[in-house]
Amino acid sequence: MLSVLRVHLPSDIPIVGCELTPYLLLRRPDKTVTTDDVPESAPLDGHFLRYKWYRIQSDRKVAVCSVHPSEQATLQCLGCVKAKIPVAKSYHCSPKCFSDAWQHHRVLHDHAASSVNENGNEEEEIFGRFNSTGSGVVNATLTGSASSASLTNGSTSLYPAAVTQRSGGETWFEVGRSKTYTPSADDIGHVLKFECVVVDMEMKLPVGHPNTILTSRVIPAPSPIPRRLIPVSGTDMMGQLDSDGRISSSGTFTVLSYNILSDTYASSELYSYCPSWALSWPYRRQNLLREIVGYRADIVCLQEVQNDHFEEFFAPELDKHGYQALYKRKTNEVYGGNIHTIDGCATFFRRDRFSHVKKYEVEFNKAAQSLTEVAVQTTQKKAALNRLVKDNVALIVVLEAKFSNQGADNPGKRQLLCVANTHVNVPPELKDVKIWQVHTLLKGLEKIAASADIPMLVCGDFNSVPGSAPHSLLAMGKVDPLHPELLVDPLAILRPHSKLTHQLPLVSAYSPFARGVGLGLEHQRRKMDITTNEPLFTNCTRDFIGTLDYIFYTADSLTVEALLELLDEDSLRKDTALPSPEWSSDHIALLAEFRFQTSPRR
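My aim in this report is to walk through the structure given alongside it, one point at a time. (Residues numbered from 1 in each chain as written. Predicted model: local features only at pLDDT ≥ 70, side-chain atom pairs only at ≥ 80, totals over all residues. Heavy atoms only, no water.)

### Looking at the overall build of the protein chain
Broken down by element type, the protein chain carries 13 helices and 28 strands. For the protein chain, buried positions account for 54% of its 602 residues. Entry remark: accessible area of the protein chain is about 25,800 Å², with carbon and sulfur atoms responsible for 51%. (Helix = DSSP H or I, 4+ residues; strand = E, 2+ residues; numbered from the N terminus. Buried < 20%, exposed > 50% of the residue type's maximum accessible area, 1.4 Å probe, protein only. Areas by Shrake-Rupley, 256 points an atom, 1.4 Å probe, with all protein chains shown as cover.)

### Some remarks on the packing of helix 8 (residues 364–375) against helix 9 (residues 381–388)
In helix packing, the relevant descriptors are the interaxial angle and the interaxial distance, both defined with respect to the helix axes. At a minimum axis separation of 10 Å, helix 8 and helix 9 run at an interaxial angle of 155°. Here helix 8 lies roughly antiparallel to helix 9, going by the angle between them. At the point where helix 8 passes helix 9, the crossing takes the right-handed sense. Taking contact as the criterion, the partners of A368, Q369, L371, T372 and E373 in helix 8 are, on helix 9, K381, A384, L385 and L388. Residues that form the contact of helix 8 with helix 9 fall into these classes: five nonpolar, two polar and two charged. (Axes fitted to C-alpha atoms, helices over the stretch in contact; angles between N-to-C directions. Parallel < 35°, antiparallel > 145°, perpendicular 65-115°, else oblique. Left-handed = near helix turned anticlockwise from the far one by under 90°. Contact = heavy atoms within 4.5 Å. Nonpolar A, V, L, I, M, F, W, Y, C, P; charged D, E, K, R; others polar.)

### Comments concerning the sheet that holds strand 28 (residues 590–596)
Overall, mixed pairing links the seven strands, which are arranged 12-27-28-13-14-16-15 in an open sheet. Because the sheet does not close on itself, it has two edges, and the strands there are strand 12 (229–231) and strand 15 (323–329). Ignoring which end each strand starts from, the neighbouring axes of this sheet average 25° apart. Across five bridges, strand 27 (residues 558–564) lies against strand 28 in antiparallel orientation. Of the residues in strand 28, the one forming a bridge with V560 is F594. On top of the sheet, helix 6 (residues 281–295) reaches strand 13 (252–259), strand 14 (299–306), strand 27 and strand 28; it is set at about 160° to strand 13, its chief contact. Running over the sheet, helix 7 (residues 307–319) touches strand 14, strand 15 and strand 16 (343–350) and is turned about 165° from strand 15. (Pairing = 2+ DSSP bridges.)

### Brief notes about unusual backbone geometry
Note that the residue after R495, namely P496, is joined by a cis bond; omega there is -5°. Structurally, the position occupied by P496 is in the loop between helix 11 (469–476) and strand 21 (506–508). Cis geometry marks the peptide bond from L578 to P579, where omega comes out at 0°. Relative to the elements of secondary structure, P579 occurs in the loop between strand 27 and strand 28. A positive phi is found at D45, a non-glycine position, where the angle reads about 55°. One can find D45 in the loop between strand 3 (33–34) and strand 4 (47–58). Here D45 falls in the exposed class, since its relative accessible area comes to 54%. One non-glycine residue, N533, adopts positive backbone phi at about 60°. With respect to the element layout, N533 can be found in the loop between strand 22 (528–529) and strand 23 (534–535).

### So, the sheet that holds strand 1 (residues 3–8)
Spatial strand order, 1-2-3: three strands in an open sheet with antiparallel pairing. Every other strand in the sheet has two partners, leaving strand 1 and strand 3 as the edge strands with one partner each. Bridge count for strand 1 against strand 2 (residues 23–27) is five bridges, and the pairing is antiparallel. Residue pairing in the sheet places S3 in a bridge with R27 of strand 2.

### Brief notes about the packing of aromatic side chains
For the coordinates displayed, the defined rule picks out 21 aromatic pairs. On the numbers, 5.8 Å between centres and 25° between planes, the contact of Y51 with F194 is stacked. Taken as a pair, Y51 in strand 4 and F194 in strand 10 (residues 191–200) lie far apart in primary sequence, 143 residues in all. Accessibility assignment for this pair places Y51 and F194 in one class, buried. The interplanar angle of 90° and the centroid separation of 6.2 Å between the aromatic rings of Y271 and Y273 together place this pair among those described as edge-to-face. No difference in accessibility class separates Y271 from Y273, as the two residues are buried. Taken together through their ring pairs, the aromatic side chains of F253, F354, F403, Y553, F594 and F596 make up a single cluster. (Phe/Tyr/Trp six-rings, centres within 6.5 Å; stacked < 30°, edge-to-face > 60°.)

### Regarding helix 7
Of all bends in helix 7, the biggest is about 30°, found at F313, and the proline P316 comes one to four residues later. Inspection of helix 7 places N307, D308, H309, F310, F313, F314, A315 and L318 among the buried residues, and these make up the whole buried set. (Bend = angle between axes of the 7 residues up to and from the residue.)

Here's what the structure looks like:
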């Protein structure tokens with residue numbers, strides 16, 4: 001007969017909005033063991049599995065600490081309550097917890113004092129527009145009535161709750177009847193109970209005892225601190241919001257570039273400082289989606305997007321928000337694992353803002369094969385390919401804008417835009433390969449530029465710090481022949497050094513922060529390296545902090561209007577690296593607002 005051998009949950013802490021799917025180990029009637037589901041629609045030997053989820057509510061209200069979500073809160077910051085900051089962020093488990101977190105916590109008050117909540121929805125709360133009625137802080141003992149505000153927020157359960165049992169001061173509410181359950185805001189602070197039982201198909205009655213498992217208390221999804229768009233063009237963009245809440249004006253568009261950290265690479269060994277529940281893909285995907293959607297970019301360039309995650313999650317989810325998706329998976333000559341978990345580059349654009357014209361796929365492996373055929377001696381071809389073939393790709397998309405800032409003298413002119421999205425993931429010792437890949441991409445973009453007068457964006461994770469040879473090639477159009485990284489060139493693929501040039505007028509989108517003066521820009525300058533005009537970091541782990549990600553644009557055809565503010569050490573909790581419960585990648589997102597120039601400067 002069908003029986004359940006084992007039940008366990010993949011995450012030790014349940015989070016609002018993140019699916020909970022228990023792992024079940026079953027024994028079939030033939031004694032074989034399986035993890036396959038046995039629903040009522042497909043019974044096995046006259047039996048199937050029935051599932052139920054319960055919320056266990058105690059007569060005593062409980063709130064959880066916003067810093068240590070596995071701990072019960074004992075203190076509440078009344079300044080948060082006055083400022084109408086989401087109440088879940090106001091709780092702390094001890095005076096020391098509150099004191100240690102104050103440097104980070106005060107940022108919420110600062111933003112609340114200077115921001116206005118435009119429409120009060122959840123996304124606005126997450127991404128930083130709060131009503132402000134004060135920012136004073138009172139450290140008070142948490143009472144039962146004070147905590148209740150976080151336990152009920154008016155949301156409706158996915159399944160109608162039914163009281164099934166009251167015992168010893170506890171009430172069990174049935175909240176779900178499927179294997180998977182997604183905790184809601186009503187579950188915050190409560191323990192969930194999963195029940196699985198074998199049912200006789202004919203009698204519709206349970207066979208044997210039910211298998212149950214209890215979760216820890218449900219916590220609200222930790223949200224990152226707000227990041228706002230800072231004007232750099234001299235025009236105050238704040239308050240210019242469309243009906244969707246996006247900052248926009250005629251002729252402008254926003255571009256996001258973000259390495260989201262593939263689940264394949266998000267190992268607990270590499271990121272041991274990140275709690276296991278915050279490193280799990282069910283949690284990270286929801287947190288990443290919430291962040292990406294919250295930026296409301298017109299064009300989104302993502303790197304390290306697994307093939308299966310693109311098809312099953314990002315493409316369908318972003319489609320709901322009006323995005324069309326394009327994807328280029330890495331080639332797999334080197335990678336020998338599951339083809340579904342190979343990552344790649346994904347580019348999304350809003351259908352109401354752009355239409356798709358053309359797509360180019362760059363496979364650096366093919367370029368490597370062509371290079372070795374021409375430039376490498378036969379006896380060295382195998383060694384050369386071993387060095388050059390690294391599976392990296394680039395996705396180039398030509399879009400046509402459905403809006404324009406052209407004047408009446410050009411009413412019918414098509415406004416095209418070329419967007420390149422790449423991830424140059426090459427071991428640091430192979431400096432020649434990294435430079436060669438970047439040069440190969442740029443020469444391909446030059447060909448596109450030669451065929452059409454078209455503005456260009458080059459986005460991605462180049463795994464190259466400011467001042468490196470790849471960065472110099474992108475930003476300066478050439479590499480100093482005496483650059484030390486050019487000394488690593490065993491295949492002579494970088495010679496003569498005079499060929500390491502391009503004619504695209506590329507400028508780093510974030511450079512205006514380093515040059516700018518005025519309200520808001522001085523604070524951003526402190527987060528920039530003024531010697532390279534780049535952010536101090538876009539990647540922050542325990543082992544490395546520095547800039548690897550960029551958005552470059554052709555300065556003769558595009559103008560930067562505004563930039564997403566950068567993070568600094570005050571924005572990250574003390575002793576916290578990325579990824580963290582708030583930020584689900586080890587990179588931070590870059591976002592720039594551009595305007596098409598009406599009269600390109602040639």
